[in-house]
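Chains, contacts and geometry: an overview
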Amino acid sequence: MYILLISPLYHPAQSPNVYRWDAIARHWTNQGHEVHWLCTHFCDELAESKINGIFVHRTGHHTLLDGWYNLLGIRSKRRGLPGSGLPRQNLFRQFFEGIINLTWRKFYWPDGNCLWYYPARLKALKLMALHNFDAVISVSLPFTAARIAQAVKEKYPSIHWLMDIEDPFSFVEEYFINNRALYHKLNTRAEERALRLADTVSVTVEAARKRYITHFPFVDGKIFVTPPLYEEIIPAMHLPDGFCPDKDRIHLGYFGTFYYPIRSPEGFLRLLSQVKKENPELANCLTVHFVGTIPIEFIGLFDQFHELSGMLQFYGLVSREQTAGMMKEMDFLINIGNITDYHLPSKCAEYLMSGKPIINIASIANDSFAGFMASYPLFLNLFLEKHQTNPRDIDDIATFLNLKKGEELKNDSLQLYDKKYGGKELAASYMFLMIETS
């Protein structure tokens, strides 16, 4: 089978979609399928290459800011591997993004990746003429990726279009995609058009599937849930500088990033602050490790909790191999939930397969991560509505930390999960959608 995959980022960029779809595409190439990945330029990477058996085609820029980085030859970008510690605002980037926010972001459509549309559309149609693909897969957000696949589908109606939606587009209100005051109706019409043309649609959580059926009833019957990915990674031997967990302390690890305004660390920081006030003996034993990018929007929030400074350690974005090694050293894993119920954190399968005790900080009652972990025995869910804590939360986390340190789920229990979330299983599920539903 010849497959064209359209997603704006690929190696060496690091993002959940890169990890997920690279694993799936590698399984397909190992089975004899030919996969072409259409993405954006990334600094000095070749425009045409072959990585992990996948044919990679780079054209256009991911965003206006990334285009500027590419032109200047700046390789350390937002999705690269920055240094450790809390970042501080770069004055050039602050100035540049301020101008973008006042001008460009008020008018672009459908999203900040729209500059990629025309070069990628041209490239996709050329590739289609050369390879006569059997299927095209768009991975969105950005919705721009779906628009490129739509152009292919409109010119070649017989091709199977699998529209993979990691993040919804038109009905989202919780965070910024584009200027809804200008484009609300256009967003709805555009997504409706795309959904009608797509042969199959996939989402990662049942709540998203239900939302789509509510807004676009005609998708019922061709929209499916494909769960998050787990891929076993060999841990790195050399871990980041400064990471040397003392076995006498209790180590909590948060792996991932935060997204303004849908995923904020505020509730968790408030909880830690209350623990420090009410149970200082326990607090003095805690070290919390943040592994991943801390967006500039949250730096001021961390600064407000200066009393926690000796408890918190930051490492920035590290390699997947280092992440796997650091996760193994944790006593507990921390997840911070979204304010939406139709997003599922990409790391949830990795957390589940770690076998570690997990603490979830939920900000809504129907938290998607809590639903995903419902059958996991080493799990504590704390619902902090509007980031507020109460004495019971302090008691619950203290009890969980004291009782569950050192506990891990056995391998035979984890194998049941592995069969559901492994790359091989996901690759087979997507292949089924493209073949059996044609």
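These figures come from a predicted structure and were not determined experimentally. (Residues numbered from 1 in each chain as written. Predicted model: local features only at pLDDT ≥ 70, side-chain atom pairs only at ≥ 80, totals over all residues. Heavy atoms only, no water.)

Our next topic: the overall build of the protein. Helices and strands together make up the secondary structure of the protein, namely 17 helices and 14 strands. At 22 Å, the protein has a C-alpha radius of gyration in line with the 22 Å of a compact globule built from 438 residues. Across the 438 residues in the protein, those meeting the buried criterion constitute 55%. Within the protein, counting contacts between residues at least 6 apart in sequence, those at least 24 apart form 74% of the total. Per element, the accessible surface of the protein, about 19,600 Å² overall, is 53% carbon and sulfur. Side-chain charges of the protein comprise 45 positive and 47 negative groups, with the mean position of each set lying 6 Å from the other. (Helix = DSSP H or I, 4+ residues; strand = E, 2+ residues; numbered from the N terminus. Rg over C-alpha atoms; globule rule 2.2 N^0.38 Å. Buried < 20%, exposed > 50% of the residue type's maximum accessible area, 1.4 Å probe, protein only. Contact = heavy atoms within 4.5 Å. Areas by Shrake-Rupley, 256 points an atom, 1.4 Å probe, with all protein chains shown as cover. Lys, Arg positive; Asp, Glu negative; His and termini not counted. Charge placed at Lys NZ, Arg CZ, Asp CG, Glu CD.)

Once that is clear, we can look at the layout of surface pockets. Reported here for the second largest pocket is a volume of approximately 170 Å³. Lining the second largest pocket are Thr-204, Val-205, Glu-206, Ala-207, Val-225, Pro-227, Pro-228, Leu-344, Ser-368, Gly-371, Phe-372 and Tyr-421. The dominant element in the lining of the second largest pocket, judged by the number of residues it contributes, is helix H14 (residues 368-372), at three residues. Classifying every residue of the lining of the second largest pocket gives eight nonpolar, three polar and one charged. (1 Å grid on protein atoms, 1.4 Å probe; cavity = no way out; pocket = protein on both sides within 12 Å on 5 of 7 lines; lining within 4 Å. Points joined across faces, edges and corners; volume = space filled by probe spheres on them. Nonpolar A, V, L, I, M, F, W, Y, C, P; charged D, E, K, R; others polar.)

Packing of helix H5 (residues 117-131) against helix H6 (residues 143-155) brings their axes to within 9 Å, and their N-to-C directions diverge by 40°. You can see that H5 and H6 cross each other, and the crossing is right-handed. Seen from H5, the contacting residues are Tyr-117, Ala-120, Arg-121, Ala-124, Leu-125 and Met-128; seen from H6, they are Thr-144, Arg-147, Ile-148, Ala-151, Val-152 and Lys-155. Looking at side-chain class alone, the contact of H5 with H6 contains eight nonpolar, one polar and three charged residues. (Axes fitted to C-alpha atoms, helices over the stretch in contact; angles between N-to-C directions. Left-handed = near helix turned anticlockwise from the far one by under 90°.)

This brings us to the confidence of the model for the protein. Model confidence for the protein is summarised by a mean pLDDT of 89, while 92% of its residues fall at 70 or above. Overall, residues 76-83 carries pLDDT values under 50, and its contacts beyond four positions in sequence, including any with other chains, amount to 25 contacts. (pLDDT = per-residue confidence, 0-100.)

Core analysis: the largest hydrophobic core is formed by 74 residues, its most contacted members being Ile-6, Met-163, Tyr-212, Met-373 and Tyr-376. With seven residues, H6 is the largest single contributor of residues to this core. Every residue in contact with Tyr-376, bar those within four places of it in the chain, is listed here: Tyr-351, Leu-352, Gly-355, Lys-356, Ile-358, Leu-409 and Tyr-417. In terms of nonpolar packing, the next biggest core, distinct from the first, is built from 37 residues, Ile-250, Phe-332, Ile-334 and Ile-336 among them. (Core = buried A, V, L, I, M, F, W, Y, C linked by side-chain atoms within 4.5 Å.)

What follows is about helix H8 (residues 206-215). Along H8, the residues classified as buried are Ala-208, Tyr-212 and Ile-213. Viewed end-on, H8 has its buried residues packed into an arc of 135°, placing them on one side of the element. Residues of H8 that are exposed and point more than 90 degrees away from the buried face comprise Lys-210 and Thr-214. (Arc of directions from axis to C-beta.)

Given a rise of 1.5 Å per residue, 18 residues ought to cover 26 Å, and the 24 Å separating the end C-alpha atoms of helix H7 (residues 180-197) matches this to within 8%. Of all the bends in H7, the greatest measures close to 30° and is centred on Leu-186. Residues of H7 that are buried include every one of Tyr-183, Asn-187, Ala-190, Glu-191, Ala-194 and Leu-195, and no others. At its buried positions, H7 is contacted by helix H4 (104-107), H6, strand S6 (160-165), strand S7 (200-203) and H8. The opening residue of H7 is Asn-179, an N-cap whose side-chain oxygen sits 3.2 Å from the backbone nitrogen of Ala-181. (Expected span 1.5 Å × (residues − 1). Bend = angle between axes of the 7 residues up to and from the residue. Polar contact = N/O pair within 3.5 Å; in protein donor to acceptor, adjacent residues only side chain to side chain.)

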